[in-house]
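# An overview of the molecular structure
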Amino acid sequence: MNVAVIGTGYVGLVSGSCLAELGHHVTCVDTDAEKVERLKNGIMPIFEPGLEELVKRNEASGRLRFTTEYAEAVPTADVVSIAVGTPSAPDGSADLSFVYAAAEQIARHLQSYTVIADKSTVPVGTSEEVTEVIGAIYSGEFDVVSNPEILREGHAITDFMNPTRIIIGANNKRASEIMLKLYAFLDCPKLVMSPRSAELTKYAANAFLATKISYINEIAHLAEELGADVEEVASGIGADPRIGRDFLRAGLGWGGSCFPKDVRAILHTASTVQQEMPIVRAAIEMNARAKTRVVERLENALGSFQDKNISLLGLSFKNNTDDTRESAAIEIMKRMAEKGARVRAYDPEAKIQEETLFEIFERALDPYAAAQDADALVIATEWDEFRSLDLARLKTLMKGDVVMDARNLLQPEEAQKIGFRYFRIGRA
Ligand SMILES: NC(=O)c1ccc[n+]([C@@H]2O[C@H](COP(=O)([O-])OP(=O)(O)OC[C@H]3O[C@@H](n4cnc5c(N)ncnc54)[C@H](O)[C@@H]3O)[C@@H](O)[C@H]2O)c1
């Protein structure tokens, strides 16, 4: 099939190259000319394991192309997939301006029946709005379906190629059958439902997962006070298939490009139909506490942050991604800096978008350079390489002896044996 993918960010670039890998002819369109130019030259705009080889292989095969021109992608496409950003607006709602701009451009280039599949995370009713936007410009036949993306950054290619399910929100069989054909080579349940249900499914899933993390962090704080260990508790409850082991890792709380904005957006959607969502609100409150508690425990251990050197390991919102949008690591860095700390941070991939952040921290080239003369070391992102740090070497480089392992990566006994005052989440 011929596919146009609008937007070459984490979702568009990964889904476009995976669809090409599945044998489709894919043209990816992005308005960011510099990004497109870099892609044409084989330079990846994001860090995602396996992506570079995938893109290069499919470009070489002629099944994957990049352009800034809708005219080169839309007219021949059987399916046009929208994968542009839907950031938070100031009132918490999803800002749909990129989606509507894409819809307008698509409409101007449609020439025959096409399915427009929305992969961006959008509020309930957006398929209808996009249909109106396109219908106002293009008088031919088309259908808009909701096809929310479920990939996770850091595992995006594996997730796309081995999905647990594919959600197709379509109003008619003609459109849903084209979508089923698009994904025919992927072996998983394909759930066809109404566009409104599909749109809500995505938000309901993200809000549930965020709530699950907030729940284990709440148990973690209790465990710290009661002399229990949240890792042991998580193993105990996670062994129950009704609960499951995933998303029971206590830590700094959730962040990133999806959970915070999607949780705010579902609350906003609920408010438009006069509904309260007390569970989701509590999850947000608990998430804020998770960060506050880490900063407070560290402050207690140090006496004060004033003039203290903090070595921060991790800036990305999670491991295996360079994405720092709403990263909890960056949030605690800001709070420590506000309280007078000097922060030196190391992250293997993090891409810092906010230029002003460079005023409050210095970036180190490796964990040991970050630890030089530090009063405390904080592990804020669960990069695998932090599990095998040379703790004895770190101890000799540091001035102080405090380690705050906010992702529970180290072996407590080993850290204590070396002489660290070692703190972790969910254990006194
Ligand atoms: N990142 C994730 O892990 C993830 C997972 C599932 C769903 N989603 C959802 O997918 C959507 C995209 O997320 P992302 O992280 O890939 O975003 P992103 O910000 O990384 O990428 C968006 C891309 O769209 C381009 N763009 C913006 N307007 C355009 C237009 N009119 N025409 C063509 N290109 C345009 C931008 O230049 C950018 O390259 C969001 O709704 C997000 O919530 C993201």
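Within every chain, residues take consecutive numbers counted from 1 along the sequence as written. With pLDDT at 70 or above as the cut-off, local features in this predicted model cover only qualifying residues; side-chain atom pairs require 80 or more to be listed or tallied, and sums for whole chains, interfaces and linings still use all residues. No hydrogens and no water enter the side-chain calculation; it runs on all heavy atoms of the structure.

### Quick notes on the packing of helix α10 (residues 259-272) against helix α11 (residues 278-302)
- Working convention: axes come from line fits to C-alpha atoms, limited for helices to the stretch in contact. Angles between N-to-C directions cover 0 to 180 degrees. Secondary structure elements follow DSSP: runs of H or I of four or more residues count as helices, runs of E of two or more count as strands, with numbering from the N terminus. Relative to each other, α10 and α11 sit at 145°, their axes nearing to 10 Å. Crossing of α10 against α11: the hand is left-handed. On the side of α10, the interface is formed by V263, I266 and L267, while α11 contributes V280, R281 and I284.
- Here the nonpolar group is Ala, Val, Leu, Ile, Met, Phe, Trp, Tyr, Cys and Pro; Asp, Glu, Lys and Arg are the charged ones; every other residue, Gly included, is treated as polar. Of the residues that constitute the contact of α10 with α11, the class distribution is 5 nonpolar, no polar and 1 charged. The handedness criterion is simple: a crossing whose near helix is rotated anticlockwise from the far helix by less than a right angle is left-handed, and one whose near helix is rotated clockwise is right-handed. Only heavy atoms matter for contacts: two residues are in contact if any of them lie within 4.5 Å across the pair.

### Examining the sheet that holds strand β10 (residues 342-346)
- Two strands qualify as a pair provided that DSSP identifies no fewer than 2 bridges between them. Spatially, 6 strands are ordered β11-β10-β9-β12-β13-β14 in an open sheet, and the strand pairing comes out parallel. Looking at the sheet topology across the chains shown, the edges are occupied by β11 (361-363) and β14 (421-424). Adjacent strand axes in the sheet meet at a mean angle of 20° when their direction is disregarded.
- Bridging between strand β12 (residues 376-379) and strand β13 (residues 402-405) involves 4 bridges; their strand directions are parallel. In the sheet register, V378 faces β13, and the bridge partner there is M404.

### Considerations on the packing of aromatic side chains
- In this scheme Phe, Tyr and Trp rings, the latter by its six-membered ring, pair at centre separations within 6.5 Å, and the angle between planes marks the pair as stacked below 30 degrees, edge-to-face above 60, and tilted otherwise. Evaluated as defined, the whole model comprises 6 aromatic pairs.
- Seen from their ring centres, F247 and F259 are 6.3 Å apart, and the 45° between their planes marks the pair as tilted. Of this pair, F247 sits in the loop between α9 (230-238) and α10 while F259 is found in helix α10, placing the two residues 12 residues apart along the sequence.
- With a 1.4 Å probe rolled over the protein chains alone, any residue whose accessible area is under 20% of its type maximum counts as buried; one over 50% counts as exposed, and the rest are partly exposed. We classify F247 as partly exposed; its relative accessible area is 31%.
- Accessibility expressed as a relative area gives 14% for F259, which makes it buried.
- Between F358 and F361, the aromatic rings sit 5.6 Å apart at their centres with planes inclined by 20°, giving stacked as the arrangement.
- Using a relative accessible area of 6% as the deciding quantity, one classes F361 as buried.
- Sitting above the plane of the Y113 ring, R174 keeps its charged end 3.5 Å from the centroid.
- If you follow R393 out to its NZ or CZ, it ends over the ring of Y368, 4.0 Å from the centre. A ring has a charge above it when a Lys NZ or an Arg CZ is no more than 6 Å from the ring centre and no more than 35 degrees off the ring normal.

### Brief notes about the UniProt feature "binding site: NAD(+)" (unreviewed entry) in the protein chain
- UniProt positions are given in the numbering used here, feature names are shortened, and annotations may be inferred rather than shown by experiment. As recorded in UniProt, the sites labelled "binding site: NAD(+)" (unreviewed entry) are D30, K35, T86, T121, E153, K261 and R325. Considering the C-alpha atoms alone, the annotated residues occupy 296 residues of sequence and remain spread out, their largest mutual distance being 24.2 Å.
- Relative to the assigned elements, T121 resides in the loop between β5 (114-118) and α5 (126-135).
- Not counting the four nearest positions on each side in its chain, T121 is found in contact with T86, K202, Y203, K261 and D262.
- Within the secondary structure layout, R325 lies in the loop between β9 (309-313) and α12 (328-338).
- With near-sequence residues (within four places) excluded, R325 lies in contact with Y10, E153, G255, G256, S257 and F317.

### Remarks on the domain arrangement of the protein chain
- Splitting the protein chain by domain gives domain 1 (2-193) and domain 2 (230-424).
- Each of two parts loses accessible area, computed with a 1.4 Å probe, when they are put together; buried area is these two losses added. Carbon and sulfur atoms supply 47% of the area that domain 1 and domain 2 bury against each other, a total of about 1300 Å² over both sides.
- For the domain 1 face of the interface with domain 2, the top three residues by lost area are Y10, F47 and E153, together amounting to 41%.
- A salt bridge links E153 to R325; the shortest N-O distance between them is 4.0 Å.
- Counting of polar contacts relies on pairs of N or O atoms within 3.5 Å, with two restrictions inside protein: one atom must be capable of donating a hydrogen and the other of accepting it, and residues adjacent in sequence are counted only when both atoms are side-chain atoms. For the interface between domain 1 and domain 2, the tally reads 10 residue pairs in polar contact (both at pLDDT 80 or more).
- Tallied by class, the residues present in the side of domain 1 that touches domain 2 amount to 8 nonpolar, 6 polar and 4 charged. Residue ranges for the domains trace back to a domain assignment, done automatically or taken from a database. What counts as a salt bridge is simple: a side-chain nitrogen of Lys or Arg found within 4 Å of a carboxyl oxygen of Asp or Glu.

### What to know about the side chain of S257
- Relative to the elements of secondary structure, S257 occurs in the loop between α9 and α10.
- Overall, the relative accessible area of 11% leaves S257 in the buried class.
- Looking at S257, its side chain comes within polar contact range of the side chain of D323, at 3.3 Å.
- The residues contacting S257, other than those within four sequence positions of it, are E153, F317, D323 and R325.

### Notes on helix α7 (residues 173-182)
- For α7, the complete set of buried residues consists of A175, S176, M179 and L182. Viewed along the axis of α7, the buried residues span an arc of 110°, placing them on a single side of the element. Of the exposed residues in α7, those oriented more than 90 degrees away from the buried face are K173 and K181.
- Looking at where α7 begins, the residue whose side-chain oxygen comes 3.2 Å from the main-chain nitrogen of R174 is N172. Starting at the helix axis, one direction is taken to each C-beta atom, and the arc is that of these directions.

### Describing the packing of helix α8 (residues 195-226) against α11
- Relative to each other, α8 and α11 sit at 45°, their axes nearing to 8 Å. Judged by the inter-axis angle, α8 sits oblique to α11. Classified by chirality, the crossing of α11 by α8 is left-handed. Between α8 and α11, the contacting residues are A207, T211, S214, N217, E218, H221, E224 and E225 on the first element and I279, V280, A283, M286, N287, R289, A290, R293 and R297 on the second. When an angle is under 35 degrees it counts as roughly parallel; over 145 it counts as roughly antiparallel; between 65 and 115 it counts as roughly perpendicular; any other value is oblique.

### Details of the side chain of N147
- Following the sequence through the fold, N147 ends up in the loop between β6 (142-146) and α6 (156-161).
- Overall, the relative accessible area of 2% leaves N147 in the buried class.
- Leaving out residues up to four positions away in the same chain, N147 has contacts with A117, D118, K119, I166, I167, M179 and Y183.

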